[in-house]
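# Summary of the model geometry
One letter stands for each residue in the lines below.
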Amino acid sequence: IEVDHVTLYRWVQRFTPLLADAARPSRRRVGARWFVDETYVKVAGVWRYVYRAMDEHGQVIDVYVSVRRDILAARRFFTAAISAHGEPDEVVTDRAQALKHVIGELLPAAFHNTWQYANNRLESDHGRLKVRLRPMRGLKTNRTAAVIIRGHAFVQNLRREHYELGINARSRPLRVAAAFDELAQAV
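This report concerns the structure included in the present document. For clarity, every value in this text was computed on a predicted model and none was experimentally measured.

About the criteria used
Residues numbered from 1 in each chain as written. Predicted model: local features only at pLDDT ≥ 70, side-chain atom pairs only at ≥ 80, totals over all residues. Heavy atoms only, no water. Helix = DSSP H or I, 4+ residues; strand = E, 2+ residues; numbered from the N terminus. Rg over C-alpha atoms; globule rule 2.2 N^0.38 Å. Buried < 20%, exposed > 50% of the residue type's maximum accessible area, 1.4 Å probe, protein only. Contact = heavy atoms within 4.5 Å. Lys, Arg positive; Asp, Glu negative; His and termini not counted. Charge placed at Lys NZ, Arg CZ, Asp CG, Glu CD. Phe/Tyr/Trp six-rings, centres within 6.5 Å; stacked < 30°, edge-to-face > 60°. Lys NZ or Arg CZ within 6 Å of the ring centre and 35° of its normal. Axes fitted to C-alpha atoms, helices over the stretch in contact; angles between N-to-C directions. Parallel < 35°, antiparallel > 145°, perpendicular 65-115°, else oblique. Nonpolar A, V, L, I, M, F, W, Y, C, P; charged D, E, K, R; others polar. Left-handed = near helix turned anticlockwise from the far one by under 90°. Polar contact = N/O pair within 3.5 Å; in protein donor to acceptor, adjacent residues only side chain to side chain.

### Some remarks on the overall build of the chain
- Each helix and strand in the chain was counted, giving six helices and five strands.
- Going from N to C terminus, the chain has its helices and strands arranged as α-β-β-β-α-β-α-β-α-α-α.
- Taken over the C-alpha trace, the chain has a radius of gyration of 17 Å; the compact-globule value for 187 residues is 16 Å, and the two agree within 12%.
- Along the three orthogonal principal directions, the C-alpha set of the chain runs to about 55 × 40 × 25 Å.
- Burial statistics for the chain: of 187 residues in total, 41% are counted as buried.
- Long-range pairs, those at least 24 residues apart, make up 58% of the contacts in the chain with a sequence separation of at least 6.
- For the chain, the distance from the average site of its 30 positive side-chain charges to the average site of its 20 negative ones is 6 Å.

So, in structure tokens, the structure goes:
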């Protein structure tokens, strides 16, 4: 079957949110230690900030694309992550003032760790995202950026076995394919 790359891109835009929603009930529980950081990507030639959170097991918890890197964006990100996964016991960040303010406001009981090099796990994971985005020749809208970045996190979590999907696969490389077969039946 010959399919144009634009058709594949449209399929990704259409079906990624559906697959992620169908997989949500089989997602493993998020850990109590969250690593939170922001990075940046270009969307239509303009820099956008991507807030990302990961737990101690390497599971990407949540992703949020924002026009600004400020307290309002950090609050929106944390509010969505907390409502979906509950409150963590510890949050590891860099020394960003917006994150510090929001963690003090929304998570007063959580330990806020800002030690040097404590957030290297997530910093190195940003590189995986940017390597995936580089050959795409740019994202055009905020919506497509959010879908693509969330889809990347979803597939990354599938590969790292953070979902109870594809567990009956005969080998590890076939696990992602088996997981998509199970999701296709749900969608």
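On we go.
### Notes on the packing of aromatic side chains
- Inspection of every chain in the model, using the stated rule, returns six aromatic pairs.
- Members of the aromatic cluster, joined through ring pairs, are Tyr-51, Phe-77 and Phe-78.
- Here the guanidinium or amino end of Lys-130 rests over the ring plane of Tyr-40, the centre of that ring lying 3.7 Å away.

### Description of the packing of helix H1 (residues 5-23) against helix H6 (residues 175-186)
- At a closest axis distance of 9 Å, the pairing of H1 and H6 adopts a crossing angle of 95 degrees. Classified by the interaxial angle, the pair formed by H1 and H6 is roughly perpendicular. Along its contact with H1, which presents Leu-19, Ala-22 and Ala-23, the element H6 presents Phe-180, Leu-183 and Ala-186.
- Tallied by class, the residues present in the contact of H1 with H6 amount to six nonpolar, no polar and no charged.

### Looking at the packing of helix H4 (residues 120-133) against helix H5 (residues 142-159)
- Where H4 meets H5, the closest approach of the two axes is 11 Å, and the angle between their N-to-C directions is 120 degrees. When the axis of H4 is compared with that of H5, the two are oblique. Remark: the crossing between H4 and H5 carries right-handed chirality. Between H4, through Asp-125, Arg-128, Leu-129, Arg-132 and Leu-133, and H5, the contact on the second element is made entirely by Ile-148, Ile-149, His-152 and Gln-156.
- Its residues assigned to classes, the contact of H4 with H5 shows four nonpolar, two polar and three charged.

### A look at the environment of Ala-145
- Assignment of secondary structure puts Ala-145 in helix H5.
- When the C-alpha positions of Ala-145 and Arg-33 are compared, they lie 27 Å apart, and in sequence the two are 112 residues distant.

### A closer look at the environment of Glu-56
- With respect to the helices, strands and loops of the structure, Glu-56 is situated in the loop between strand E2 (46-55) and strand E3 (60-66).
- Once residues lying within four places of it in the same chain are set aside, the contact partners of Glu-56 are Gly-31, Ala-32, Arg-33, Phe-35 and Arg-121.
- Of the polar contacts made by the side chain of Glu-56, one reaches the backbone nitrogen of Arg-33; its length is 3.0 Å.

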